[in-house]
Each structure stands twice: as C-alpha cells, then as structure tokens.
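# Notes for the structure review
Spelled out from the first residue to the last, the chains are:
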Amino acid sequence: MIFSSLPVGNYHRLIRAGTYNLTFIADGYLPKTVRNITTTDFGTVVRSVRLWDGSAIPAFTSNVTTTHAGGSVQFFDNSGGNPTSRLWTFEGGNISSSTDAFPVVTYSQPGTYAVTLYVENAIGGNSLTINNYITVEAVYYIGFPLDTTCNARFFDSSGPDGNYTDNENLNTTFFGGDPGKVLRIRFNAFDIEESADCEGDALLIYDGPSADSPLLAKLCGNTIPAEIFTSVNGGAVTFVFRSDASGNGAGWDAEIICDSGTNTYILDPDNGLQVYPNPASDTDFSVHLKSGIFHEIRLIDLTGRAVYRTNGNGQLAIVPVEGLQRGIYLLQISASTGNYTQKVVITR
Ligand SMILES: [Ca+2]
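Computed from a predicted model, the values in this text were never measured in an experiment.

Take the overall build of the chain next. Across its full length, the chain carries zero helices and 27 strands. Here the C-alpha coordinates of the chain stretch approximately 85 × 45 × 35 Å along the principal axes. The burial tally for the chain puts 25% of its 348 residues in the buried class. Contacts in the chain between residues at least 24 apart in sequence constitute 59% of all its contacts with a sequence separation of at least 6.

On to the nonpolar core, then. Side chains of a nonpolar character, in soluble globular proteins, are inclined to be buried together. Phe154, Leu183, Ile192, Leu203, Val237 and Ile256 are the most contacted members of the largest nonpolar core, which totals 24 residues. Contributing elements (two or more residues each) for this core: strand S12 (151–155), strand S14 (182–191), strand S15 (202–206), strand S18 (236–242) and strand S19 (251–259). When residues in this core are grouped by element, the largest group, five residues, is from S19. Setting aside residues up to four positions removed in sequence, Leu183 forms contacts with Phe174, Gly176, Thr230, Val237, Ile256 and Cys258. If you look at the next biggest cluster of nonpolar residues, it comprises 18 residues, including Val287, Phe294, Leu331 and Ala335.

In terms of domain boundaries, the chain breaks down into domain 1 (1–53), domain 2 (60–137), domain 3 (142–259) and domain 4 (265–346). Between domain 2 and domain 4, the contact holds six residues from the first and five residues from the second. Per-element accounting of the side of domain 2 that touches domain 4 gives the leading share, three residues, to strand S10 (residues 125–141). Residues that form the side of domain 2 that touches domain 4 fall into these classes: two nonpolar, four polar and no charged.

Glancing now at the sheet that holds S15. The strand order across the open sheet built from five strands is S11-S13-S18-S15-S16, with neighbouring strands paired in mixed fashion. Here the strands that pair on one side only, and so sit at the sheet edges, are strand S11 (146–149) and strand S16 (215–219). If you compare each strand with its neighbour and ignore which way they point, the axes differ by 20 degrees on average.

This next bit is on the pairing of strand S2 (residues 32–39). Across a regular strand the side chains alternate sides, sitting on one face of the sheet and then on the other. Of all eight residues in S2, zero are buried; the element is thus mostly exposed. Taken together, the six bridges between strand S1 (residues 18–24) and S2 define a ladder with antiparallel strand orientation. By the bridge assignment, Gly18 is partnered in S2 with Thr39.

Conventions used here
- Residues numbered from 1 in each chain as written.
- Predicted model: local features only at pLDDT ≥ 70, side-chain atom pairs only at ≥ 80, totals over all residues.
- Helix = DSSP H or I, 4+ residues; strand = E, 2+ residues; numbered from the N terminus.
- Buried ≥ 20, exposed ≤ 12 C-beta atoms within 10 Å, placed from the backbone.
- Contact = placed C-beta atoms within 7 Å.
- Core = buried A, V, L, I, M, F, W, Y, C linked by C-beta atoms within 7 Å.
- Domains from an automatic or database assignment.
- Nonpolar A, V, L, I, M, F, W, Y, C, P; charged D, E, K, R; others polar.
- Pairing = 2+ DSSP bridges.
- Axes fitted to C-alpha atoms, helices over the stretch in contact; angles between N-to-C directions.

What follows is the structure, encoded as structure tokens:
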C-alpha cells in the first residue's frame, strides 16, 4: 500500500510483494523517483521523500575555516540548481557582501563569524547561513610579553611572512584562559636553522609561567613538531626564542588552544557535556552528557548537509565516522540542557 499523510492526501493502493520504482509527482515540484523499494505482501516500507521545486540550492566551502587576524579565506560557491545570481554575506569580513563565485575575504578582528550564501535561478532562491563558520584567532609575535588566551595564533618575530633575524632573545608567556583545561600547542609551519642539539637557533617551550618552569621541548630544524600539551589545568606556557649571529629561517606559525589534554572537548562543564575524541581519525565521536538527555544530534558537513542524524533520549551517543571524508564538520546537539554547536575534525 502507498500512503501519503494528511492534509496532503490520504490514498492507498494495494501492491504485491516485489521490487518497485516509485515516482512522486506534485504540482510545482520536479518528479522524483525512488528506485528499488522492496516490499512483501502486507508489508510496510516507510520512506521520507522530499520533492524539489527546482529553485537554486546554496552550498559553499572554503580553503580554511580558521584563520588569524589579518588572514584571508577563499570561499567557493558549490551551489546546485544552476544559479543565475548569488549574494554572499560575510559577518566580520573586510567585504560585507559579494556576488563573486570565489570571493576572498580578509578578517581583521578575532572572533567567530557567520557566512551566508543566497542563490537564485528562474524558479526561485534559497539562503544558507552557517553560524560560527569562520574562527579568527588573535595574533601574537614572540616578544609580546604575556596574555591570557584560549585561542591564539603565535608567530616568530617576523610574523607570517619573512625570516626571523639574527641575535634575537625573545620570550612570551601565555596563561590558559580556561581554568579546567591545559594549553595545546599545534604548529602549522616550522623552520628554524638546524644545529647540533639546537645549540644555535632554538625555540624552547616551558611548562609554566617562566623559563624556570620544566622544559617541554627544545626545537630547531624544519620538521613540524608533534603537538605539545602543558600539564596544569589553567596553567601557562612560556616560549623562549634565541638566534645566533648568522643564518636564519622562516620561523613558525603555531596555535595555542585550551584543551582537555586527552582530545576531549568539554562543551558545557556545568552539565558535563563532552565530545571525544576531537579530532577523530578512525574512532567514532562519542557525545556524553552527564545531566539531562539528548533530543537530537546531527553531524553537518561544510555544505550544510546532515551526514548523520540521530534522535535519542540517552546520555551517550555515538556518531560514526566510517565512510566520511576527512575534513571539518559541525556537530549540532539539541539536549534538555540546551542547544550546542561544536566544530569537529576527521583527520584520517
Ligand atoms: Ca642562526
């Protein structure tokens, strides 16, 4: 039998056991055929079918979703339905709007910003907004004495471009902005003149508020170092850079981030909402809520498509990563304690 729901209609038709292609037709929408639906006599098959009216469907990606103050992001229009016009809106960008297919936007102020794309064809238009899509980190060069942060972009003395200079002796201390987390140091680029035991040029990293704290790493060369974690929740990290009288390199580009230290992200400490691991490689994401229950959890890809959705009344949900491309996703969580969005990464 085939049913539709009231008030759209209520009709049915007896069909025999077999495999069928069902075509759905409605005024104002394009026909849609769902293939290979197998049913038994007196059996029930339920399919949710959404018809498309032919209007343009917005979708976009970008080369990065995290940048630093002064950094640029390249956006790509991946919309469907052959749009004939488009309008981007960039919260916090140096251009607030654009009609280009591949606009480049520069962000000057730290924060998180929404991106909206509206596309239209002869039939109609649709708009897609992704809140908190772009994260812009505050920028620090070594030599800046100290600050408290949970999201810093940290460079050598020359910043993102150019080499550091000779005979430098500079330091910077970051205090963790979250009393319940350690600091995680992740390098995006690294190039310091190599020497035996890094006795020439070196970046030294200490597990605390000064160079008297325990040494975590002494770095030189041009291999990107593994991630480094401080050991004290709400503690500090101190960087000391020294260069000798000749020879130098491009320096480094690093991110300083508050982190639980075990790849666990705590979204809501009051209610014990955690996501782990993040980033994930081949392990599924676990979402754990200690007080309250989940209503719905969705994993959204960067085109705004839900690649996984679960309804639940429990306190632990598993979001499978198998079959998903590496990249950045948004985990949208609706729970009795509130609604949450967390950026998660698959790194395989
Ligand atoms: Ca040198």
